[in-house]
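Structural overview
Spelled out from the first residue to the last, the chains are:
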Amino acid sequence: MFFHIVLERNMQLHPRFFGRNLRENLVSKLMKDVEGTCSGRHGFVVAITGIESVGKGLIRDGTGFVTFPVKYQCVVFRPFKGEILEAVVTLVNKMGFFAEAGPVQIFVSKHLIPDDMEFQAGDMPNYTTSDGSVKIQKECEVRLKIIGTRVDATEIFCVGTIKDDFLGVINDPAAA
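Cut-offs used in this document
- Residues numbered from 1 in each chain as written.
- Predicted model: local features only at pLDDT ≥ 70, side-chain atom pairs only at ≥ 80, totals over all residues.
- Heavy atoms only, no water.
- Helix = DSSP H or I, 4+ residues; strand = E, 2+ residues; numbered from the N terminus.
- Rg over C-alpha atoms; globule rule 2.2 N^0.38 Å.
- Buried < 20%, exposed > 50% of the residue type's maximum accessible area, 1.4 Å probe, protein only.
- UniProt positions renumbered as here; feature names shortened; annotations may be inferred.
- Pairing = 2+ DSSP bridges.
- Axes fitted to C-alpha atoms, helices over the stretch in contact; angles between N-to-C directions.
- Salt bridge = Lys/Arg side-chain N within 4 Å of Asp/Glu carboxyl O.

Let us look at the overall build of the protein chain. When its secondary structure is counted, the protein chain shows 1 helix and 14 strands. Computed over C-alpha atoms, the radius of gyration of the protein chain comes to 22 Å, more than 25% over the 16 Å expected from 2.2 N^0.38 for 176 residues, which places it beyond the range of a compact globule. In terms of its C-alpha atoms, the protein chain occupies a principal-axis envelope of roughly 70 × 30 × 30 Å. Classification of the 176 residues of the protein chain by burial places 32% in the buried group.

According to UniProt, the feature "domain: S1 motif" (unreviewed entry) maps to residues 79-156 in the numbering used here. Overall, residues 79-156 shows 0% helix and 58% strand. The separation of its end C-alpha atoms is 8 Å.

Read from one edge of the open sheet, 3 strands run β9-β10-β11, paired in antiparallel fashion. Strands with a single pairing partner mark the edges of an open sheet, and in this sheet they are β9 (117-120) and β11 (135-137). Each strand of the sheet is rotated relative to its neighbour by a mean of 20°, with strand direction disregarded.

Before going further, it helps to examine the UniProt feature "domain: RNA polymerase Rpb7-like N-terminal" (unreviewed entry) in the protein chain. Summarizing the sequence annotation, UniProt attributes the feature "domain: RNA polymerase Rpb7-like N-terminal" (unreviewed entry) to residues 8-64 in the numbering used throughout. Its end C-alpha atoms 22 Å apart, residues 8-64 is made of 23% helix and 39% strand.

Per the counting criterion, the structure on display carries 5 salt bridges. A salt bridge links Asp33 to Lys29, with the shortest nitrogen-to-oxygen separation between them at 2.9 Å. Taken together, the residues Asp33 and Lys29, both in helix α1 (residues 22-34) and 4 residues apart, mark about one turn of the helix. A residue is classified by how much of its surface remains accessible, and Lys29, at 27% relative accessible area, is partly exposed. For Asp152, the salt bridge is made with Arg150, and the minimal N-O distance between the two is 3.5 Å. Judged by its relative accessible area of 48%, Arg150 falls in the partly exposed class.

The structure is reproduced here in structure tokens:
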């Protein structure tokens, strides 16, 4: 799920960036350092939408660097248990498959795939229904439900299922 929140960060800036466009340099460094990162507490920072305030800088002894407290608004993505997501399958093996929904990697075990689907090994491993009408393979899109999350300091891991109503393959590029 996406949230719009306010975060704070202390930014260190080298003296060569001081001058008329100090604020622009600070904002561009903030975007470069923060966008695309993950904090276990808030989730993945998708984009910075605005700067609320830039505090007074504090000169670091001996280095000349200045530390500025910056308060900024950003959009974060954090998956929750029970959430339905659409994801792209990245890897299929006999244990299940991995899929990605944006920056989040989700594992779906073979026990959480419908019973009528069997693993097919070969050059393009996949899970196929007995009548061959539905096939889960690399690059196909699936709708899945998050049944568990594990949060580390810099990553979020999820376990999902497609063994429920209205879940499963929603787009298979190989079939087109």
